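Each chain, written out:
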Amino acid sequence: MGVEAHATNERVTGRRWTVRLDPVGRGRADVRVSCSRPACAAQVLPSAAAGRTAAIAHLKAHLRAGPAPRPSVHCACRAEECHTHIRPAGPRERPVPWRCGGAVVLAVITDREGRWWQVMECCSRCAAAHPTAKVVATAPAAEASARNDGLRADTAASAAPAVHAPTFSAISPHFSHSATATTDTAVPQQASAPRSAARTAPRSARPTRKRPPRGRIAQRLVPHDLRPVALRDELTELGELFRAYQARSEPDLAMLADLHARKAEAFNAWAEVTADTGLRLDARRAEQAAATARLQHLHRIGQAPDGEGPAVVRLLTAPAQWNHARAVLAHVAENAPLPGAEARLLVVMVTLRTAQSGVGNLVGQDIKGLPLQDPEHLVGQLVESGWLGISGTVEELIASRPENPTRISVPSLTPDEDDPGPFTFGRKLRPKLSGWAQRVVGEKKLRKGKTGADVRLLALALATGADGEGLLGPGGEGIGLDALSSWCSVDPADLPDLVDRLTAADWLAEADVTETLLTGRLTERVLPLGCPLT
C-alpha cells in the first residue's frame, strides 16, 4: 500500500511577546503598562501595585485567547549561548550551552523585581534552563511514526486496538500568588487524561499523608523538611512580609531596609545548612539592597549617613537655626502693626533685617521685589504707625540703591538694659535667617507664577511646619487651617485656592484640605528650604 507524499513545511520561529511595567516619570508614583504586541495600547495606572495587577490580567487574557504551542516551531530565542541556553556553572566550571530538545511549550518568564513578563514559545529544555520559567501549555504530541511506513502501520493497526495519545491544548494560566507580588509566575493547570478502570480503582484504603504547606521567598520554595525549624519559619514569614510590602500603596524605605537585612541573615544561614553558593550570592545582594534602601531613607528624612555630610543640603543646617526661624514668624504673627497679607509679608522681611539690634539697612529693590501693589503707601503706613523709623523720606527709601542704602530702625526690637529684645540669636545668624526668608519668598517658580503675598506667606509657614521628609505637621498629621489662616491674614475659605497655587508651583504634593487640616508634603525640589520639625 502506498503512502501519499506530504509537502515539507518550513519550521518557523516561535512566538514571543513581553508585558512591561515602567515608571511614568521621575518622582511620580504612577506607572505605565505596555505590551509588545502591536494591537495593544499602553495603560497608565496610579501605583505599582495597580500596574502589576493590570499587567498580569493583560498577560492572562493573551494566554487564554491565544492558540496552543505548535509542535513544529523553533525555539523563540534561537540564539547561541543566550541566557536561556546556558547551564549554570560552579565557581571553577565554564558555563555549558544546552541543546534544544523535548516538546514545544509556552513558557512565562519574569524578572525578580516584577517589572516585566515574557511569553515564549520554546522547547522544554530551554524552558527548564531558565530559573524563572513556568510552563503554561504543551504542544500536542507528535503522531505515531508509523505514518511514514504505511504497510506496517496498517498491519499494526489491524492487529491491535488503537491507543490514542493524549493531547494538550493551551490552558488558561493559574498564578501562584496575587497580582501585586513581584514573584508572580504562571503555572499550568493539570489536564486529566482518560485511564482504564483497573488503574483508577484504589489499591488500598490507606489515608493520604499531607505535607505542610511550603513557603516561598525570592522565587525559591522553602523545603518543608528544612532544619532548624526556626530558619524554615523565618524564611516563610519573610516571604509573606515581602509580598505584603509589595501590596502597600506607599513605600516605607526603613521597613524595606529591615526586611532586606533579615533576608540577608536568613539566606546566609540557609547557605550554611545546604552549602548552596547561589544562596550566598542572594544573601550578598540582599545586604546591598538593605544598604541602598537605608541610604534612600536617610536622604528622604534629611539625615546624614555615618561619616558623611547631610543628605539634603539645607539652607539652614541646624535645629537651633530652624527654631529661631519659627520664633521670628511667631513674633510677627503676634505683633504685626497692620492687617493684611501684604503688610504681614513686609513686616517679616523688615523684622529679619533688624532682628538682632533693632537697626539695619534697606534698599528700594528689597521692597520692590516683594509682591506689593503699592509699596510706597504701605511703607508710609508703617512709618506713621511708629513701628518703623527711616532716615529720610519714603520716596528716598524706594529709590535707594545698594551703594547708598537707607538706614532703618524698629523701636520694638531695639534692646536696652531692661529688655534684651525678643530674639536670642547672635549677629552671625541674623543674615542667614534673612537670606533664608528671601530665598523662600523669592523662589523662582513663585515669582514666575506671579503669586501674591498670601501665597508666599503660606510657603513660609509650610517650610517651617514640615518634618524631615517634607510631611506637613507633627508626625505628618497636617497643620490646622485656623493657624494658617491667621498667619497668612486671609479668610479660611481662601486657603484651598492658595494651596492650589502652591501645588501648581511644585511646592506641594498630595495636598488635601479638610474642614480643619491641611495635609500633604513638600516636594523634593523645595526640601532644602525647609526647617524640619524636631
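Residues numbered from 1 in each chain as written. Predicted model: local features only at pLDDT ≥ 70, side-chain atom pairs only at ≥ 80, totals over all residues. Heavy atoms only, no water.

## Things to note about the overall build of the protein chain
Link 1 in the chain: Broken down by element type, the protein chain carries 17 helices and 18 strands.
Link 2 in the chain: Within the protein chain, the proportion of its 534 residues that are buried is 40%.
Link 3 in the chain: In the protein chain, the proportion of contacts linking residues at least 24 apart, taken out of those at least 6 apart, comes to 62%.
Link 4 in the chain: Summed over all atoms, the accessible surface of the protein chain reaches about 30,400 Å², with 51% contributed by carbon and sulfur. (Helix = DSSP H or I, 4+ residues; strand = E, 2+ residues; numbered from the N terminus. Buried < 20%, exposed > 50% of the residue type's maximum accessible area, 1.4 Å probe, protein only. Contact = heavy atoms within 4.5 Å. Areas by Shrake-Rupley, 256 points an atom, 1.4 Å probe, with all protein chains shown as cover.)

## Side note on the sheet that holds strand 13 (residues 359-362)
Link 1 in the chain: Reading across the sheet, the three strands line up as 13-15-14 and stay open at both edges, with antiparallel pairing between neighbours. Only two strands of the sheet have a single neighbouring strand rather than two, namely strand 13 and strand 14 (389-390).
Link 2 in the chain: Strand direction decides the pairing type here: strand 13 and strand 15 (residues 406-409), joined by four bridges, are antiparallel. Its bridge partner lying in strand 15, Asn361 is registered against Arg407. (Pairing = 2+ DSSP bridges.)

## With respect to the pattern of salt bridges
Link 1 in the chain: On inspection of all chains with the given rule, the structure shows 18 salt bridges.
Link 2 in the chain: A salt bridge links Asp276 to Arg220; the shortest N-O distance between them is 4.0 Å. Placement of the pair is Asp276 in the loop between helix 6 (253-274) and helix 7 (277-301) and Arg220 in strand 12 (residues 220-221), with a sequence separation of 56 residues.
Link 3 in the chain: Overall, the relative accessible area of 23% leaves Arg220 in the partly exposed class. (Salt bridge = Lys/Arg side-chain N within 4 Å of Asp/Glu carboxyl O.)

## Remarks on the packing of helix 9 (residues 341-354) against helix 13 (residues 429-441)
Link 1 in the chain: Closest axis-to-axis distance for the helix 9/helix 13 pair is 8 Å, and the angle between their directions is 155°. Between helix 9 and helix 13, the crossing angle belongs to the class labelled roughly antiparallel. Here helix 9 runs over helix 13; the crossing is left-handed. Only Arg430, Leu433, Ser434, Ala437, Gln438 and Val441 of helix 13 make contact with helix 9, whose side of the interface consists of Leu345, Met349, Leu352 and Arg353.
Link 2 in the chain: Tallied by class, residues from the contact of helix 9 with helix 13 come to six nonpolar, two polar and two charged. (Axes fitted to C-alpha atoms, helices over the stretch in contact; angles between N-to-C directions. Parallel < 35°, antiparallel > 145°, perpendicular 65-115°, else oblique. Left-handed = near helix turned anticlockwise from the far one by under 90°. Nonpolar A, V, L, I, M, F, W, Y, C, P; charged D, E, K, R; others polar.)

## What about the sheet that holds strand 17 (residues 508-513)?
Link 1 in the chain: On the basis of which strands lie adjacent, the open sheet formed by three strands has the order 16-18-17 and antiparallel pairing. In the strand order of this sheet, the two ends are held by strand 16 (479-480) and strand 17, each with one partner.
Link 2 in the chain: Inspection of the sheet shows strand 16 paired to strand 18 (residues 517-522) by two bridges, in the antiparallel sense. Paired with Ile479 across the bridge in strand 18 is Leu518.
Link 3 in the chain: The sheet strands contacting helix 17 (residues 495-504) are strand 17 and strand 18, and the helix crosses strand 17 at an angle near 165°.

## A closer look at the nonpolar core
Link 1 in the chain: The biggest cluster of nonpolar side chains holds 72 residues, and the ones touching the most others in it are Leu388, Trp436, Leu462, Leu502, Trp507 and Leu522.
Link 2 in the chain: Ignoring sequence-local partners within four residues, the contact set of Leu522 consists of Leu462, Ala463, Ala466, Gly470, Leu472, Trp507, Leu508 and Leu527. (Core = buried A, V, L, I, M, F, W, Y, C linked by side-chain atoms within 4.5 Å.)

## Focus: the confidence of the model for the protein chain
Link 1 in the chain: With 77% of its residues at a pLDDT of 70 or more, the protein chain shows a mean pLDDT of 79.
Link 2 in the chain: In the model, residues 1-9 has pLDDT below 50 throughout and makes three contacts with residues more than four positions away in sequence or in other chains.
Link 3 in the chain: The low-confidence segment residues 143-204, where pLDDT is below 50, has 80 contacts with residues more than four positions distant or belonging to other chains. (pLDDT = per-residue confidence, 0-100.)

## Comments concerning the packing of aromatic side chains
Link 1 in the chain: For the structure shown, the criterion picks out two aromatic pairs.
Link 2 in the chain: On the basis of an interplanar angle of 80° and a centroid distance of 5.5 Å, the ring pair of Phe267 and Trp270 is categorised as edge-to-face. With a gap of three residues between them, Phe267 and Trp270 both fall in helix 6, about one helical turn apart. Neither residue differs from the other here; Phe267 and Trp270 are each classed as buried. (Phe/Tyr/Trp six-rings, centres within 6.5 Å; stacked < 30°, edge-to-face > 60°.)

## Topic: the side chain of Thr451
Link 1 in the chain: Within the secondary structure, Thr451 is located in the loop between helix 14 (444-448) and helix 15 (453-463).
Link 2 in the chain: Judged by its relative accessible area of 4%, Thr451 is buried.

## Quick notes on helix 11 (residues 375-384)
Link 1 in the chain: Among all positions in helix 11, only Pro375, Leu378, Val379, Gly380 and Leu382 are buried.
Link 2 in the chain: Against the buried residues of helix 11 lie helix 9, helix 10 (364-368) and helix 12 (394-399).
Link 3 in the chain: Of the residues trailing helix 11, Gly386 is marked for its positive phi of about 85°.

## Some remarks on the environment of Val394
Link 1 in the chain: One can find Val394 in helix 12.
Link 2 in the chain: It is 6.5 Å that separates the C-alpha atoms of Val394 and Glu376, two residues lying 18 residues apart in sequence.
Link 3 in the chain: Those residues in contact with Val394 that lie beyond four places of it in its chain are Glu376, Val379 and Gly380.

## Things to note about the environment of Leu529
Link 1 in the chain: Structurally, Leu529 is set in the segment after strand 18.
Link 2 in the chain: Distance from Leu529 to Leu315, taken between C-alpha atoms, is 5.8 Å for residues 214 residues apart in sequence.
Link 3 in the chain: Among residues more than four places away in sequence, those in contact with Leu529 are Leu315, Trp436, Arg439, Val440, Glu443, Ala463 and Trp507.

## Describing the packing of helix 9 against helix 11
Link 1 in the chain: Viewed as axis vectors pointing N to C, helix 9 and helix 11 meet at an angle of 70°, and their least axial separation amounts to 11 Å. The angle between the axes of helix 9 and helix 11 places the two elements in the roughly perpendicular class. You can see that helix 9 and helix 11 cross each other, and the crossing is right-handed. Of the residues in helix 11, those touching helix 9 at Glu342, Ala343, Leu346 and Val347 are Leu378, Val379 and Leu382.
Link 2 in the chain: Residues of the contact of helix 9 with helix 11, tallied by class, amount to six nonpolar, no polar and one charged.

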